[in-house]
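Survey of secondary and tertiary structure
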Amino acid sequence: MIDGNFSSETETEPRSGDGLVQLRCTLNGEPTQVAVDPTETIYDTLRERLRLTGTKGACLEGECGSCTILVDGEPVTACLVLSPQVEGKSLTTIEGLAAAASETDDPGASRRLHAVQRAFVDAGAVQCGYCTPGLIISAVALLERTPRPSLAEVKAGLAGNLCRCTGYMKIIDAVMSAAEQIAEPA
Amino acid sequence: MSADGSPLNIGRSVERPDVVAKVTGETRYGGDLEGPEVLSVAVIRSPHPHAKLTHIDFEPARAVAGVVAVFGPDALGGTNLHGLIRRDHPVFCTDKVRYRGDALGIVVAETAAAAAAGRDAVVVDYEPLPVIGTMAEAMAEGAAQVHARGNVLASALIRKGDADAALAAADHVVTTTTHTRGVDHAFLDLEAGCARVVDDRIEIHASGQWVHEERRLIAIALGEPVERIRIIQPPTGGAFGGREDISIQIYLGLAARELGVPVRLQYTRHESMIARHKRHPMEIEYTLGARADGTITAAKVVIRSDEGAYASTGPAVLRKSVSHATGPYRVANIHVDGVAVFTNNCPTGAMRGFGACQLAIAYEGALAELARELELDLVALKRKNLLRDGEGITTNQVIPVASAIDCMDAALARLDPAPTPDSGSTLADRATASWAARSYASPAPHLRRGYGVSTICFGIGYGDGYPDGSRARVRISEAGVVEVYSGGVEVGQGLHGLIRQIAGEELRVDAQTVEVIASDTLTTPESGSSSATRQTLFTGNAVKLAAGDVRRQLIDAAALELSLHWEELDIRDGVIRAREGDGQAHITFAELVAKARARGFALDVTALYQPRTIPGDPYTGLSPRAFITYMFASHVAEVLVDVDTGEVRVERIIAAHDVGKAINPREVRGQIEGGVAQGLGMALMEEIVSEAGEMLNASFTDYIIPTIIDVPTIDAVIVERPDLEGPYGARGVGEPPLIATVPAVLGAIADAIGVGVHEVPATAERIWQRLHQTAAEPEAAQ
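Residues numbered from 1 in each chain as written. Chains lettered and ligands numbered in written order. Predicted model: local features only at pLDDT ≥ 70, side-chain atom pairs only at ≥ 80, totals over all residues.

Examining the domain arrangement of chain A
Residues and elements named next belong to chain A. The domains assigned to chain A are domain 1 (21-93) and domain 2 (101-183). Placing the centre of domain 1 and that of domain 2 at their C-alpha centroids yields a distance of 21 Å. Counting only elements with at least two residues in the side of domain 1 that touches domain 2, the list comes to strand 3 (68-71) and strand 4 (74-77). When residues in the side of domain 1 that touches domain 2 are grouped by element, the largest group, 3 residues, is from strand 3. (Domains from an automatic or database assignment. Helix = DSSP H or I, 4+ residues; strand = E, 2+ residues; numbered from the N terminus.)

Written as structure tokens, this is what we have:
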């Protein structure tokens with residue numbers, strides 16, 4: 001997991017009477033403004049204020065990776081990031097992946113998915129599914145950095161995401177297969 | 001079978017019904033259902049492992065800003081007790097607390113933060129009692145009593161032949177003492193849910209493993225008619241036995257009933273870990289007797305199981321341990337005494353492999369010691385002693401398909417990727433050659449390679465005379481769609497996909513067109529628990545029975561409608577058609593439904609599958625049919641041990657399981673791979689560390705489970721010797737993959753370092769100690 005390199009200086013609106021500040025960012029490609037408590041995490045902002053519940057949380061102390069989102073393309077654990085820290089940045093959550101998928105990512109599918117999402121479906125990499133959004137986000141970030149990863153690179157790239165069901169084998173298969181699909185679309 | 005005899009859905013890796021919503025993030029688990037607009041619940045918990053309650057003052061909580069209500073035992077209206085086998089666990093404690101985390105009441109507030117603040121404001125006066133932190137303390141003379149009836153929850157035994165005489169006559173006797181530790185289920189989807197009152201019903205959305213039984217327990221605790229409670233299980237992020245005991249359900253139901261508005265509750269990881277039951281830590285003394293040629297003649301076993309503070313599933317887990325005490329081996333003389341002991345630790349209960357996995361560590365560890373003592377090859381020793389078809393297992397039950405050797409050979413044959421051409425024609429020959437060809441080459445002098453082979457068995461279902469059954473309702477909708485109603489819950493294991501495949505097979509439609517309506521106590525029939533590796537066999541059979549009956553109704557109705565004999569009709573893809581002729585004679589399900597119902601064919605069948613098992617004899621523990629059927633499995637583990645540090649790197653696991661029939665091979669492999677990973681955790685790293693009842697590692701920072709880095713390549717091997725009872729010959733798969741992993745890894749470590757390891761987790765420190773215990777200076781072991 002790459003830690004976000006966030007400035008401690010944040011440019012948020014002054015506090016209003018209720019103690020909330022305005023957070024402005026780009027969320028899944030859309031300009032977004034939301035009133036947040038400056039002490040809350042972006043995990044809570046996404047889930048509680050914006051009701052985007054695809055971002056999961058199994059520990060809320062940065063160990064499980066279930067809450068992984070992309071901030072300016074880098075994977076971060078949303079439970080450890082205060083909302084004002086993402087002011088002006090671009091966020092991608094699991095909800096934003098499928099929307100950004102193109103026809104070449106998922107040819108002929110009735111429901112268009114990102115290539116990594118499709119690969120998780122096809123490889124049987126999902127059981128309970130609770131870790132899946134975070135793993136998919138981490139895998140997307142990995143393939144951005146390293147389009148054709150080795151097995152060791154896949155393991156290093158996903159080492160911050162716990163899965164309790166699958167034993168990880170089919171997750172590795174899915175990421176390898178997504179890398180191929182992205183490099184050489186069918 | 002379809003018309004041409006080939007299966008339409010069985011044996012195919014059909015896509016799961018829930019998978020697309022899970023990869024898009026649309027799936028709403030218990031914690032995703034309600035937002036901040038509803039009230040939040042927090043649970044008041046004891047900070048003491050054992051204390052008398054002298055006074056509770058809820059008033060300060062009521063004064064906290066945002067707090068709406070506080071409820072204690074007086075609000076419940078029912079028994080104030082829950083528990084799966086014995087209702088001994090107070091919903092809210094009234095006179096004493098028995099573990100760190102025992103609940104005292106709930107606070108309901110406008111926000112989760114206000115609820116937590118209210119919880120922390122409650123004033124409780126405790127009079128601490130002596131803490132029973134270990135089983136030895138619990139059994140000591142004059143020990144403080146955790147429960148008024150004493151510190152022994154249950155005992156169980158096996159008496160078969162004369163073990164003492166056989167041991168006295170044995171050429172070789174080996175004795176081991178095995179220690180296992182508490183393990184957390186660590187499912188990722190924390191206990192979370194919501195409740196509301198709808199049409200005068202208390203509707204609870206929370207994840208368990210057996211919605212109908214949970215409904216009953218909630219109703220008893222709340223003093224409500226069972227039908228006033230409705231449970232709708234949301235998609236569930238793992239269970240592994242950890243959702244069998246009641247968790248948040250009663251709290252949610254109480255708050256919703258008392259306030260009449262929606263409420264939600266979510267545990268933190270810390271709360272989940274301190275409140276929820278764990279795997280039973282066990283101490284197992286194992287004595288094995290054998291003739292000079294390695295034939296096992298006797299086993300004498302003493303099992304002590306730490307129940308923690310409440311019974312939970314303890315008596316059933318202990319019975320599982322004694323009934324599996326000699327695993328898949330032929331042992332004529334067996335003497336087992338098991339005792340389950342209360343302590344002030346976190347309660348222990350169901351977890352994947354319950355009772356059987358601890359004993360597998362013990363019997364495999366003892367057998368490996370016997371092989372070392374006799375200087376016999378482990379595989380040859382196993383081959384001599386493993387059950388063959390038609391022989392009796394620990395409890396004397398005759399096992400028609402005893403496939404441990406088949407699994408062992410299937411696994412061993414994969415060990416050598418390039419078998420020599422002359423390695424023989426039978427699987428056993430190839431296995432023997434492959435095993436003999438294993439390489440101990442090491443990449444560095446401080447690294448030693450080792451191989452372990454485990455063979456295990458597991459009885460499926462609740463067994464032991466419990467009236468274990470599953471109901472399934474299959475119906476053709478007005479639109480001609482196949483609907484299956486099942487109370488069986490999907491916790492990630494793939495049950496609902498399996499239901500679709502079986503119903504689709506029986507009704508000759510693509511599994512993906514079958515609609516599954518499940519896990520709702522109001523609309524679905526009781527299907528029993530998603531535990532004990534029982535749903536494939538139990539619900540699978542119930543669905544097969546019901547769907548087969550509906551198929552016959554459809555064909556009989558079509559025969560009348562088309563004026564043909566039923567034997568002349570084929571059914572496929574929602575159309576019933578004359579097998580021969582001009583092809584005009586056909587009718588679709590949709591066209592047939594109303595006509596069939598008018599003729600009295602309901603096209604709506606609820607079937608019950610409830611096979612009979614027989615409880616163990618109270619004086620011997622023996623039973624001709626303790627379990628409906630048994631599964632066998634064998635794993636091969638290859639490890640490298642760093643003898644300087646004691647660290648273990650698992651290089652490879654080969655995992656062969658006789659599942660009878662893999663209804664969905666990809667999902668079966670997924671279960672095997674996942675069970676192996678959990679087994680690696682139990683073998684090498686997972687341990688609840690407690691000191692005087694205080695859990696010291698109740699977080700994911702301190703309780704370590706395997707990451708993708710820790711899991712080696714897993715070679716999942718499916719063996720298919722059809723089961724006599726299971727649907728299409730299928731048995732199930734859930735628990736054995738964990739059970740077989742731990743002894744294989746421990747055996748591989750022992751093979752590498754030359755000395756047995758009988759304690760899990762086999763941490764680097766413990767292995768280092770075992771290495772140095774064998775050195776010249778005994779104090780090095782300290």
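Side note on the pairing of strand 25 (residues 515-518) of chain B
All names here are of chain B. The alternating pattern of strand 25 places Val-516 and Ala-518 on a buried face and Glu-515 and Ile-517 on a face that is not buried. Bridge analysis of strand 24 (residues 482-486) against strand 25 gives 4 bridges, and the strand direction is parallel. Bridged to Ser-486 within strand 25 is Ala-518. In this fold, the crossover linking strand 24 to strand 25 by way of helix 14 (residues 495-507) has right-handed handedness. (Buried ≥ 20, exposed ≤ 12 C-beta atoms within 10 Å, placed from the backbone. Pairing = 2+ DSSP bridges. Right-handed = clockwise from strand over helix to strand, strands pointing away.)

What to know about the nonpolar core
Ranked by size, the top nonpolar core spans 310 residues in total, and within it Ile-106, Leu-252, Ala-255, Val-745 and Ile-749 of chain B carry the most contacts. When neighbours within four sequence positions are excluded, Leu-252 of chain B is seen to be in contact with Val-41, Gly-193, Cys-194, Ala-195, Ile-204, Ala-206, Val-263 and Leu-265 of chain B. (Core = buried A, V, L, I, M, F, W, Y, C linked by C-beta atoms within 7 Å. Contact = placed C-beta atoms within 7 Å.)

Focus on the interface of chain B and chain A
Taken together, the 46 residues of chain B in the interface contact 40 residues of chain A. For the side of chain B that touches chain A, the elements supplying multiple residues, two or more each, are helix 1 (19-24) and helix 17 (665-684) of chain B. Looking at which element gives the most residues to the side of chain B that touches chain A, the answer is helix 17 of chain B, with 7 residues.

Regarding the sheet that holds strand 29 (residues 604-609) of chain B
Residue and element names in this part refer to chain B. What the 4 strands build is an open sheet, ordered 25-24-23-29; its pairing is mixed. The two strands at the open ends of the sheet, each matched to only one other strand, are strand 25 and strand 29. Strand-to-strand, the axes of this sheet are offset by a mean angle of 20°, without reference to chain direction. Across 4 bridges, the pairing between strand 23 (residues 470-476) and strand 24 is antiparallel. Bridge assignment links Val-474 to a residue of strand 24, and that residue is Val-484. On top of the sheet, helix 15 (residues 535-562) reaches strand 23, strand 24 and strand 29; it is set at about 30° to strand 23, its chief contact. (Axes fitted to C-alpha atoms, helices over the stretch in contact; angles between N-to-C directions.)

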